[in-house]
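Given next are the chains, with one letter for each unit.
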Amino acid sequence: MSHSGKKATTCLLCLQLALPAAAATENTDPRQRLSAASPLWLRAIGQLTVPGLKTEQGHARHHTERCSATLIAPAGELQAELIVTAWHCLESYRDLTRTITFTLLPASSTPLVIGARPVADGGSMAADWALLRLEHAVPQAEIPALALQPGPPDPQRTVLMAGYSRDAGMGDEGNVLSYDPACRITRSSATLGYSNCRAHKGASGGAVIQLNDRGQPLLSGIISAGDGHQDSRFIPVVALRSALPGTVLTPGVHPR
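Conventions used here
- Residues numbered from 1 in each chain as written.
- Predicted model: local features only at pLDDT ≥ 70, side-chain atom pairs only at ≥ 80, totals over all residues.
- Heavy atoms only, no water.
- Helix = DSSP H or I, 4+ residues; strand = E, 2+ residues; numbered from the N terminus.
- Buried < 20%, exposed > 50% of the residue type's maximum accessible area, 1.4 Å probe, protein only.
- Contact = heavy atoms within 4.5 Å.
- Areas by Shrake-Rupley, 256 points an atom, 1.4 Å probe, with all protein chains shown as cover.
- Core = buried A, V, L, I, M, F, W, Y, C linked by side-chain atoms within 4.5 Å.
- Disulfide = S-S within 2.5 Å.
- Salt bridge = Lys/Arg side-chain N within 4 Å of Asp/Glu carboxyl O.

Chemist: Just to check I follow, could you spell out the overall build of the chain for this structure?
Modeler: When you go through the chain residue by residue, the secondary structure sums to two helices and 15 strands. Expressed as a percentage of its 256 residues, the buried residues of the chain come to 50%. Expressed as a percentage of contacts within the chain between residues at least 6 apart in sequence, the contacts between residues at least 24 apart total 68%. For the chain, the exposed area adds up to about 11500 Å²; of that, 54% sits on carbon and sulfur atoms.

Chemist: What should I look at first to understand the nonpolar core in this one?
Modeler: The nonpolar side chains of soluble globular proteins are, as a tendency, buried together. Counting residues in hydrophobic clusters, the biggest one holds 51 residues, and the most contacted among them are L48, L71, I83 and L219. At five residues, the largest contribution of residues to this core is made by strand 7 (residues 130–139). If sequence neighbours within four positions are ignored, L219 has contacts with T70, I72, V84, L146, A147, L148, Q149, A207, V208, I209 and V237.

Chemist: For this particular structure, what's the right way to read the state of the cysteines?
Modeler: Covalent bonding between the sulfur atoms of two cysteines is what defines a disulfide. Applying the stated criterion across every chain yields a total of two disulfides. Paired by a disulfide, C67 and C89 hold their sulfur atoms 2.2 Å apart. Its torsion about the S-S bond being -95 degrees, the disulfide of C67 and C89 is classed as left-handed. On the criterion of sequence distance, the pair formed by C67 in strand 3 (residues 59–72) and C89 in the loop between strand 4 (79–85) and strand 5 (100–104) is long-range, its members being 22 residues apart. Just as C67 is buried, C89 falls in that class too. A sulfur-sulfur separation of 1.9 Å characterises the disulfide bridge that pairs C183 with C197. Residues C183 and C197 share a disulfide whose torsion about the S-S bond is about 90 degrees; that sign makes it right-handed. Here C197 lies in the loop between strand 12 (193–195) and strand 13 (207–211) and C183 lies in strand 10 (residues 178–183), a separation of 14 residues in the sequence.

Chemist: Looking at this model, I keep getting lost on the pattern of salt bridges. Mind explaining?
Modeler: Between side chains of opposite charge, pairing is possible as soon as their charged atoms come close. Scanning the entire structure with this criterion turns up six salt bridges. Of the charged contacts, one joins D29 and R31 as a salt bridge, the two residues approaching to 2.6 Å between their closest N and O atoms. Judged on exposure class, the residue D29 and its partner R31 are both buried. One salt bridge in this structure joins R133 and E81, with 3.5 Å as the shortest N-O distance. With a gap of 52 residues between them, R133 in strand 7 and E81 in strand 4 connect regions that are remote in the sequence. The class for R133 is buried, based on a relative accessible area of 12%. Through salt bridges with shared partners, a single network forms among D29, R31, D167 and R198.

Written out as structure tokens, the structure is:
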């Protein structure tokens, strides 16, 4: 898949992520930082660094996009080689000779840095998702990947939203994973959802997670945008599922 033919667009919702949250302070921020007390499955969410090119006043300039992404795998798979993020994070990725990097546990003493290549995407902000394949698979015994929720997110269940927000407060400029542990969906459809979770610029491509009846975490959505306060937008993973060949997310099947 090539991004060279795509015309750059202005992501108005993404620009909202850069706005300061009104009256937001460390004391009122509902988010937490990844720690030893956090659920282990949060380690599946990593930083995504995308080398891109943007055109300004007729001149191309290099631009590095810093987003979030989530390691995924079908239930029962022993290793994971796929990640999901937001489409707009890859919008300026035009030079396919340059490598996108996915970093797990970046704040640890032994971060795991892996190259990634695009596989498929939604192609616009209306379908703001992208799937990438890692150059090296990650053993589930090392870092458990998240399985996709089989259907739409349940509006009656709480959600957890996590990403590498680049705010100066809880997000620590994107250096640590921050997450809103218990927020709710305010409205949703098969292709778009909204919540009162807090997310800032940099969290794009991060995870929206719900627990099933057995307490297992499932990836319910992909963060698309947020206002840094109490309004965030996400793409339900059911939209991604319907756009991909069944073999891509089937245990034991590894199409190239």
